[in-house]
Amino acid sequence: DAAVRRFVRDMDPYVESMLLFARADLTTKFEDKRLAVFARMDELEERIRALEAAEQLRPALPSGIGKEIMKAFDLRPGPTVGEVKGHLEESIIEGRLPSGENLGFYIEFLRNSPPAMLVDD
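The structure reproduced in this document is the subject of the present report. (Residues numbered from 1 in each chain as written. Predicted model: local features only at pLDDT ≥ 70, side-chain atom pairs only at ≥ 80, totals over all residues. Heavy atoms only, no water.)

## Re the packing of helix H5 (residues 79–93) against helix H6 (residues 103–112)
For step 1, the next point in the chain: In the contact formed by H5 and H6, the axes pass within 12 Å of each other and the chain directions differ by 100°. Overall, the two elements H5 and H6 adopt an arrangement that is roughly perpendicular. Contacts between H5 and H6 involve Val84, His87, Leu88, Ser91 and Ile92 from the first element and Tyr106, Phe109 and Leu110 from the second. (Axes fitted to C-alpha atoms, helices over the stretch in contact; angles between N-to-C directions. Helix = DSSP H or I, 4+ residues; strand = E, 2+ residues; numbered from the N terminus. Parallel < 35°, antiparallel > 145°, perpendicular 65-115°, else oblique. Contact = heavy atoms within 4.5 Å.)

## Considerations on helix H2 (residues 15–25)
For step 1, the next point in the chain: Buried within H2 we find Val15, Leu19 and Arg23. Each buried residue of H2 sits inside an arc of 75° when the element is viewed along its axis, so together they form one side. Seen from the open side of H2, the exposed residues pointing more than 90 degrees away from its buried face are Leu20, Phe21 and Ala24.
For step 2, the next point in the chain: Contacts made by the buried residues of H2 are with helix H1 (2–11) and helix H3 (31–53). (Buried < 20%, exposed > 50% of the residue type's maximum accessible area, 1.4 Å probe, protein only. Arc of directions from axis to C-beta.)

Structure representation (structure tokens):
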């Protein structure tokens, strides 16, 4: 599931177009090979739909998380805030954190397991 989430994140908003292109670009004279690749693509599309239906495809962080990160860790607006949000999203994609929790949940996670960009050198 993590690999599927990463694929969707990296290809958004072109996921559907990329899958169609991959199907159209497949060239082989071996029918069994072509059918096997199409079957794998069908599996991928089915897994994407299942994760999307379960609302587990794209990491859902609460609105205002950036401001709350700045307040909790005494940060100014800038790239560090984006890196921290990226760390949270990656943690969700990897299955280390649930998606769609409240602000306090994610701030507490960052306090207990601070990423490198929040640790003073």
